[in-house]
Amino acid sequence: MNSINKLHISLIVLLSIFSGLAGVWLYQIQKPNKLAIPEGLESTVLDKAFPITEFNLIDHNNNEFSQKNLKNKWTFIFFGFTNCPDVCPTTLLTMQQVWKKLASVQQNTSQQKQLLLVSVDPKRDTVDKLKPYIEYYNPEFIGITGSLLEITKLTKRLGVLYEYDNHGKSDGSYTVDHSTQIYLIDPTANLRAIFSAPHNAKSISENYLKIINFYASKL
Amino acid sequence: MTTLYFKKLLQLITSLLLFTGLQAVCWSADEIKLSTAWIAEGPPHMKMLAGYVTIKNLGNTDTELLKVSSPFFKTVEIHETQIISNIARMIEQDGLDIEKHSTVKFAPGGLHLMLIGAKKSLKQGDSVKFEFTFEKSVKKTITAKVRKR
């Protein structure tokens, strides 16, 4: 075989190897990354962590509650007010059922969790009102109140909407229109998932378990 | 023949008018039925609670629920929860239409009685009387039981 033929063969071999590698590379970048987020869930799982920024509020025992209290456990947060006769009690009852379901399946107590009801009516929802209210539903649940300014830091960060409605009355009474989503924050204080209404205890608990198991080794 | 015909026609028209008139008077008293009235137990010392009821209009005429009252609460309002684009609102109902031959059911997530200013804490098993006032001064009373959601 003369040198030109050898050169041709070498070029063909090199080209083949290069084409093969290019093909593999193209396949990899086009193939969706199936490990990015857990799939097939009713909840909306964010594909990128969304950090919860600093805030300074208090819990129903008058203890400080801030962003650092979100670390090292999974946190469900939803927004409401104690003078809410229908939606908020129903949501709390659903979460009560979620807690019961999780208690029966979760053997691993290192995966700690907490539920926060953040008041969008801090004027009326003082610690004195919040404590018996939240403890009635579950002594593990946490009521959060504080200054409206600090509460608004959290609502703005999460995209929660709320508005006072006096229904045309001048007697000082009002209700509060508010977002109904339940937010799931991971142990690094990043928003991971959102549960939209209607809230179903079975769906929320199953989704929660899948999410925390998925992220167990990744956080 | 013609006179007889007109006489019969007049009799028919008169009967029809009387019948319709009687209908308008008689439907109101007995054709509104209230049932399944209950109050959702709330946390202790809660002054604001939610009540629910089922209203049946068995009559041939539409009616309107004008107001609800109770000696146990300062005010009772009718509200409807609406969740649109993930925002919950309570829309106060200034009167509630109850169509003929229909049932309106108050239930969590929908229509509810907003019970404001309870005289004292209520717990499961307690009973509270309510009076429902409909148009044409029709009043119906029912006792609601307090129970857990």
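Up top is the structure these notes are about.
Everything numeric here is computed off the predicted structure, so don't read it as measured data. (Residues numbered from 1 in each chain as written. Chains lettered and ligands numbered in written order. Predicted model: local features only at pLDDT ≥ 70, side-chain atom pairs only at ≥ 80, totals over all residues. Heavy atoms only, no water.)

J.: Just checking my understanding: could you explain helix H4 (residues 148–158) of chain A for this structure?
T.: Here H4(A) has its buried residues at A:Glu150, A:Ile151, A:Thr152, A:Leu154, A:Thr155 and A:Leu158. A:Gly159, located one to two residues past H4(A), shows a positive phi value of around 75°. (Buried < 20%, exposed > 50% of the residue type's maximum accessible area, 1.4 Å probe, protein only. Helix = DSSP H or I, 4+ residues; strand = E, 2+ residues; numbered from the N terminus.)

J.: Any chance you could explain the sheet that holds strand S6 (residues 142–145) of chain A here in plain terms?
T.: Note on sheets: strands pair through backbone hydrogen bonds, and any given pair is parallel or antiparallel. All names here are of chain A. Pairing in this open sheet of 8 strands is mixed, and the strands run S1-S10-S9-S4-S5-S6-S2-S3 from one edge to the other. Edge positions in the open sheet fall to strand S1 (44–51) and strand S3 (64–66), since each of these has one partner strand only. Sheet twist, expressed as the average angle between the axes of neighbouring strands with direction ignored, equals 35°. Bridge analysis of strand S2 (residues 56–59) against S6 gives 2 bridges, and the strand direction is antiparallel. Bridging across to S6, Ile58 finds its partner in Thr145. (Pairing = 2+ DSSP bridges. Axes fitted to C-alpha atoms, helices over the stretch in contact; angles between N-to-C directions.)

J.: What exactly am I supposed to notice about the environment of A:Arg192 here?
T.: Residues and elements named next belong to chain A. Along the polypeptide, Arg192 turns up in strand S10 (residues 190–195). Residue Arg192 is classed as buried on the basis of its relative accessible area of 10%. In this structure the C-alpha to C-alpha distance between Arg192 and Ile212, which are 20 residues apart in sequence, comes to 9.8 Å. When near neighbours in sequence (up to four residues on either side) are disregarded, Arg192 contacts Thr44, Val45, Leu46, Ala49, Trp74, Leu184, Asp186, Tyr215 and Leu219. (Contact = heavy atoms within 4.5 Å.)

J.: What exactly am I supposed to notice about the environment of A:Thr53 here?
T.: All names here are of chain A. On the secondary structure map, Thr53 appears in the loop between S1 and S2. Counting along the chain gives 15 residues from Thr53 to Lys68, while the straight-line C-alpha distance between them is 9.9 Å. Beyond its immediate sequence surroundings of up to four residues, Thr53 is in contact with Gln67 and Arg157.

J.: Which parts of the structure should I look at to understand the packing of helix H2 (residues 87–105) of chain A against helix H3 (residues 127–137) of chain A?
T.: Packed helices, taken two at a time, are described by the angle their axes make and the gap between the axes. All names here are of chain A. At their nearest, the axes of H2 and H3 sit 9 Å apart, and the two run at 45° to each other. On the basis of their axis angle, the class for H2 and H3 is oblique. Of the residues in H3, those in contact with Cys88, Pro89, Leu92, Leu93 and Gln96 of H2 are Tyr133, Ile134, Tyr136 and Tyr137. (Parallel < 35°, antiparallel > 145°, perpendicular 65-115°, else oblique.)

J.: Help me understand the interface of chain B and chain A in this model?
T.: The figure often quoted for interface size is the accessible area lost as the parts come together. Contacts between the two partners involve 26 residues from chain B and, on the opposite side, 25 residues from chain A. Of the roughly 2000 Å² buried between chain B and chain A on both sides combined, carbon and sulfur atoms contribute 59%. The largest contributions to the chain B side of the interface with chain A come from B:Asn86, B:Met90 and B:Arg149, which together make up 30% of the buried area. Here B:Glu92 and A:Lys169 are joined by a salt bridge, their closest N and O atoms 2.8 Å apart. Taken together, the links from chain B to chain A amount to 10 residue pairs in polar contact (both at pLDDT 80 or more). (Buried area = accessible area lost by both parts, 1.4 Å probe. Salt bridge = Lys/Arg side-chain N within 4 Å of Asp/Glu carboxyl O. Polar contact = N/O pair within 3.5 Å; in protein donor to acceptor, adjacent residues only side chain to side chain.)

J.: Quick question: what am I supposed to make of the packing of aromatic side chains here?
T.: Aromatic ring pairs are defined here through the distance separating the ring centres and the angle between the ring planes. Residue and element names in this part refer to chain A. A full pass over the atoms with the stated rule returns 15 aromatic pairs over all chains. Between Trp74 and Tyr208, the aromatic rings sit 6.4 Å apart at their centres with planes inclined by 90°, giving edge-to-face as the arrangement. Placement of Trp74 in strand S4 (residues 74–80) and of Tyr208 in helix H5 (residues 201–215) is noted, with a sequence separation of 134 residues between them. The exposure class of Trp74 is buried, given its relative accessible area of 2%. We classify Tyr208 as buried; its relative accessible area is 0%. (Phe/Tyr/Trp six-rings, centres within 6.5 Å; stacked < 30°, edge-to-face > 60°.)

J.: Whenever I open this one, H5(A) confuses me. Can you help?
T.: Residues and elements named next belong to chain A. Helix length check: H5 (15 residues) gives 21 Å between terminal C-alpha atoms against 21 Å at 1.5 Å per residue, within 8%. Of all the residues in H5, the buried ones are Ala201, Ser203, Ile204, Ser205, Asn207, Tyr208, Ile211, Ile212, Phe214 and Tyr215. Sitting at the amino-terminal end of H5 is Asn200, which places a side-chain oxygen 3.0 Å from the backbone nitrogen of Lys202. (Expected span 1.5 Å × (residues − 1).)

J.: Quick question: what am I supposed to make of unusual backbone geometry here?
T.: Negative phi is the rule for most residues except glycine; trans is the rule for most peptide bonds. Of note, the amide linkage connecting A:Ala197 to A:Pro198 takes the cis form, showing an omega dihedral of 5°. Residue position: A:Pro198 is located in the loop between S10 and H5. We note that B:Ser85 has phi near 50°; this positive angle belongs to a residue other than glycine. Take B:Ser85: it is sitting in the loop between strand S4 (73–84) and strand S5 (87–92). On the basis of relative accessibility, which here comes to 67%, the residue B:Ser85 falls in the exposed class.

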